[in-house]
Amino acid sequence: MQKIRIGIDSSVGIFNAAGTGRYSRTVMRALLEQLPREFELVAITPATSLNLSRPGIRRKVFVVYWEFIYCAYILPRLVRYRQLSLLHCTAPLPIRSNVGVPIVTSMHDVIPFSHPQWFTQLMMLRLQSWWRKAARCSAHILASSSHTQQVIVKYLDFPREKTSVVYPGNDI
């Protein structure tokens, strides 16, 4: 029997040391413990040895590479090369085109929409663009709370029936 291959993109964990980064780095381990045997998890990440969680020029250069090259061109090719059946993005990715398989995106918040005043104008517009692109490409969105689900439906005009609330677990 051929296994269903699920890709887990945890690339955002490279430059985010906060909650989203921790979630991105630990979701694979948690899923491996719970997933039935007919599924195979495939890790997708641009560079596992990088840790760019601190501000600086290296992080800025990597974020530009990640946004304009990795998400737009490399990730869709990796999905095809690895022959995935589904892609789970552990955070909203600015994917520009169809990757050829259904995408499930985890969204932990929608702060660029609900609290735009917390960002510079440029950063707010950029993050809103990422979230919109992620929603357009997603077959389903996993929200970390019912409030986040409501905000996703409201600001991203995403169908409620294509969202699920999945509360984050504890990694103690």
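See above for the structure.
What you see is a predicted model; the values in this text were computed from it and never measured. (Residues numbered from 1 in each chain as written. Predicted model: local features only at pLDDT ≥ 70, side-chain atom pairs only at ≥ 80, totals over all residues. Heavy atoms only, no water.)

Novice: In this structure, what is going on with the overall build of the chain? I would like to understand it.
Specialist: Per the secondary structure count, the chain includes five helices and six strands. What you see in the chain, going N to C, is helices and strands ordered as β-α-β-α-β-β-α-α-β-α-β. Across the 172 residues of the chain, 41% fall into the buried class. In the chain, 58% of the contacts between residues at least 6 apart in sequence involve partners at least 24 apart. Of the roughly 10000 Å² of accessible surface on the chain, 56% is carried by carbon and sulfur atoms. (Helix = DSSP H or I, 4+ residues; strand = E, 2+ residues; numbered from the N terminus. Buried < 20%, exposed > 50% of the residue type's maximum accessible area, 1.4 Å probe, protein only. Contact = heavy atoms within 4.5 Å. Areas by Shrake-Rupley, 256 points an atom, 1.4 Å probe, with all protein chains shown as cover.)

Novice: Sorry if this is basic, but what is going on with the packing of aromatic side chains here?
Specialist: One pair of aromatic rings is described through two measures. These are the centre distance and the angle between the planes. Inspection of the entire model under this criterion finds three aromatic pairs. Each ring, one from Phe-62 and one from Tyr-65, has its centre 5.7 Å from the other, and the planes form 50 degrees; the classification is tilted. On the criterion of helical spacing, the pair formed by Phe-62 and Tyr-65 is a turn pair, its members being three residues apart in helix α2 (residues 57-81). Looking at Phe-62, the relative accessible area reads 8%, which means it is buried. (Phe/Tyr/Trp six-rings, centres within 6.5 Å; stacked < 30°, edge-to-face > 60°.)

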